[in-house]
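Here is what each chain is made of, one letter per residue.
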Amino acid sequence: VHERSPRRSARRRRSAAALAAVLALTGLPAATRAAQATPTRPAKARQAQSRDVPAGAHPWSNPSLSPGRRARLLLAAMTLDEKVSMLHGAAGSPVPAIGYLAPIPRLGVPGITMSDGPAGVRNGRKATELPAPVAQAASFDREVARSYGAVLGGDARALGQDQLFGPGMNIARVPTNGRNFEYFGEDPYLAGTISGADVRGIQSKGVVATVKHYLANNQETGRTTVSANVDDRTLHEIYGKGFGLAVKQGHPGSVMCSYNRIGGLYSCSDAATLTTMLRKEMGFDGYVVSDYPATHATTDLAAGLDVELPSAVNVTTAKVSEALGSGRLTQADVDRRVREVLTVLFRFGLFDRDTTATAHIDEAADNAVAQRVEERSAVLLKNDGVLPLPDTTSGIAVIGVTAAKSAQGGGSSKVNPLSVDNALDAVTARAGTAAHVTYDDGGDPASAAAAAKSAQVALVFVHDTESEGSDRANLSLPGGQDALISAVAAANPHTVVVLETGGPVLMPWLGQVSGVLEAWYPGARGGAAIARLLWGDVNPSGKLPQTFPAHEGDVPASTPRQYPGVNGRESYSEGLGVGYRWYDATGTAPLFPFGYGLSYTSFAYRDLKVARGSGTPADPVRVSFTVTNTGRRAGSEAAQVYVGKPHTRVTGPPRELAAYTKVTLRPGRSERVTLTVDPLQLAYWDSRARAFTVRNGHYSLAVGPSSRSLPLAVGYDVRTRKRPGAAGHRRPGHRRHRK
Ligand code: BGC
């Protein structure tokens, strides 16, 4: 582990920490947080400002010029003060917002409004409450993620927002991380591809997406100071890769640098990750905004930070002038940063439309998307035949507080919903007027058991509490809910548990219950979706994007040095052994593995073929196989392809997700699936060559319904040939053979 010493003074760190504490967002109602960040003023004032100069008055007002050209023209006309004003947040948004860049009326620069967040717009107004972001990853379906993003972008646009702080996509290194519900699970390929699709959805509405929190921001304990000490290869293959995929596949306008340190250096001050990794290696061409606040020096601008949020602390005209005078910053640094910001604003048409316009949100349409996301992402973990519930089910005991009011994650991803349904009403409606449905809030296990005893089926709704700002204390369901489930299961053999959690929980009662459905935080139409899933009106098809451990200690980062860290440093000594990679490498049996999820029908896999390809981007490997619905109901199956790489296989993960898709099949039907394996998934990060490289040797590809159930496998060899003059890049050739 390469440790770099922090450059900031203790005083600076203390004042940043104090500001962070003032802005600590957890627990504050959304409206309070919005008001704290940017006091609002009437829309009219701002419109008057932006009308100071008529449209078309400046050379950069010409929309037929490229965004880069317009940015350069505008930059050339700016004073230092005006340039600096593009590089920090300010007060004065005409519409409620979490962040704001002030307008420059003299030059026709509009004010830029920014708000959270990943699960729905949070600007102090009401918006669509989508299921927890992690549900997108559980769908194993890019189209679900794109539709989710389109709701985010559409709502943001309707609420007068130009930029949305989302998606969040840190890797679930520690299953108790309080923000895992906001992220996309433990696999970088899944997280990156889902994030890319979410970004495309958001940006399809003309709103700038912000992929966050870059980088290695994997715990809330000590979040504003802790240092993630992670080796270069792991940083690239596990923690960086998803961001790289999101950049490549989503082309996000913005990235948010995180609170934590990386190898001792604060993320927003770190040129190695912000400039070398993000811009040079991943090809990011947008602007970097800081978390709230996560800047530590004026020279962060030289490292790769573009915009200090929420307000000017380190990036003021006085401090920038001083840094220019002392040579710690160059004029080129400042100009580059301003140009990066302006180019994105032009690219998104923000100079060319009335960015303050607000509109009506189509609540019914957005809630329908929320419901569909939930239906495609809930994971059926156990079913001994109790599900789907037959139409004749006449006596149902509904138990638990989240049956009456669904769970949501806390912090900046908490949404003030336009409307939200509940499972109790939905179950009652679906059961029909002839059925007898009772409700018990589960506060007293004895009373809940009594209610369950006289029913045909008991549905127990339980939840965890995840929030930005702190990690879960452990993996157990809080508040006596384990005892509640056991009491109900003892009273009724047909007990189904509906989990509303953002991640794994221990299930000491698993052997006593008949069914378990992981519904995540189910969003605005979660009740309707859960009822449809329980009755089989829709067939469950979600798969776990994160391993569910069998025991508290069965986790990759299990020592205090690894988590929560000692003396402010967390040692990522597990290296690539994150999530299922560690369980597989150590032969540890999980409660439920990565990629796992049941259906009301069954699927069979056959005829795996690997199409010749060298593995280079121009000539990628293609995998084809046939999936058949062998049951009696229509259903969707998330088919997964895993690769075992040479060398890595011996010392690290035996297999890693390389491709996935979701197929929908009527009973008896088959589909021939062909997937292209992203060459990145065959490569390893070569720290010396500073490149992802496909290594010589034997590869295996395995296909199936989960990381622990891979009925099809094929091996092939890569023989490298050096390409003349291509340092660090190898051109592999392939020989294929069956195992
Ligand atoms: C969170 C970010 C969020 C920002 C603005 C910070 O505390 O870490 O995710 O976007 O606040 O609300």
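This text follows the structure it describes.
Residues numbered from 1 in each chain as written. Predicted model: local features only at pLDDT ≥ 70, side-chain atom pairs only at ≥ 80, totals over all residues. Heavy atoms only, no water.

### Considering the overall build of the protein chain
Point 1. Secondary structure summary: the protein chain contains 21 helices and 26 strands in total.
Point 2. Looking at the 739 residues of the protein chain, the share that counts as buried comes to 63%.
Point 3. Total accessible area computed for the protein chain in this model is approximately 25,100 Å², and 53% of it derives from carbon and sulfur atoms. (Helix = DSSP H or I, 4+ residues; strand = E, 2+ residues; numbered from the N terminus. Buried < 20%, exposed > 50% of the residue type's maximum accessible area, 1.4 Å probe, protein only. Areas by Shrake-Rupley, 256 points an atom, 1.4 Å probe, with all protein chains shown as cover.)

### Overview of the site of the ligand
Point 1. Every one of the 16 residues lining the ligand counts as a neighbour, but D116, R179, H213, D291 and E468 are closest to it.
Point 2. Contacts to the ligand include H213, whose side-chain N or O atom sits 2.7 Å from an oxygen atom.
Point 3. In the model, an oxygen atom of the ligand is placed 2.6 Å from a nitrogen or oxygen of the E468 side chain.
Point 4. Notes on the ligand: free accessible area 310 Å², of which the protein chains cover 100%.
Point 5. Considering only residue class, the shell around the ligand consists of six nonpolar, two polar and eight charged. (Near = heavy atom within 4 Å. Polar contact = N/O pair within 3.5 Å; in protein donor to acceptor, adjacent residues only side chain to side chain. Nonpolar A, V, L, I, M, F, W, Y, C, P; charged D, E, K, R; others polar.)

### So, the packing of aromatic side chains
Point 1. Within this structure, the stated rule accounts for 15 aromatic pairs.
Point 2. Note on F165 and Y292: the rings are 5.7 Å apart at their centroids and 65 degrees apart in plane angle, and the pair reads as edge-to-face. Taken as a pair, F165 in strand β3 (residues 163-165) and Y292 in the loop between β9 (287-290) and α11 (300-303) lie far apart in primary sequence, 127 residues in all. As far as the burial class goes, F165 and Y292 line up, both buried.
Point 3. Seen in terms of ring centroids, F346 and F351 are 4.0 Å apart; in terms of plane orientation they differ by 20 degrees. Their pairing is stacked. The pair F346 / F351 is uniform in exposure class, with both members buried.
Point 4. By the ring-pair criterion, three or more aromatic residues cluster together here, those being F140, Y189, Y580, F594, Y642 and Y660.
Point 5. Here the guanidinium or amino end of R173 rests over the ring plane of Y572, the centre of that ring lying 3.7 Å away.
Point 6. Note that R695 overlies the ring of Y684, its terminal NZ or CZ placed 3.9 Å from the centroid. (Phe/Tyr/Trp six-rings, centres within 6.5 Å; stacked < 30°, edge-to-face > 60°. Lys NZ or Arg CZ within 6 Å of the ring centre and 35° of its normal.)

### Notes on the environment of V398
Point 1. Tracing the backbone through its elements, the reader meets V398 in strand β11 (residues 395-399).
Point 2. Assessed through its relative accessible area of 0%, V398 is described here as buried.
Point 3. Considered as a pair, V398 and D441 are 43 residues apart in the sequence and their alpha carbons are 8.3 Å apart.

### Here's the deal with the nonpolar core
Point 1. Membership of the largest hydrophobic core comes to 141 residues, with the highest contact counts inside it found for M86, M507 and W509.
Point 2. If near-sequence neighbours (up to four positions away) are discounted, M86 is found in contact with M78, L101, I104, V109, V307, V338, V341, L342 and L345. (Core = buried A, V, L, I, M, F, W, Y, C linked by side-chain atoms within 4.5 Å. Contact = heavy atoms within 4.5 Å.)

Shape is all these values report; function is a separate question.
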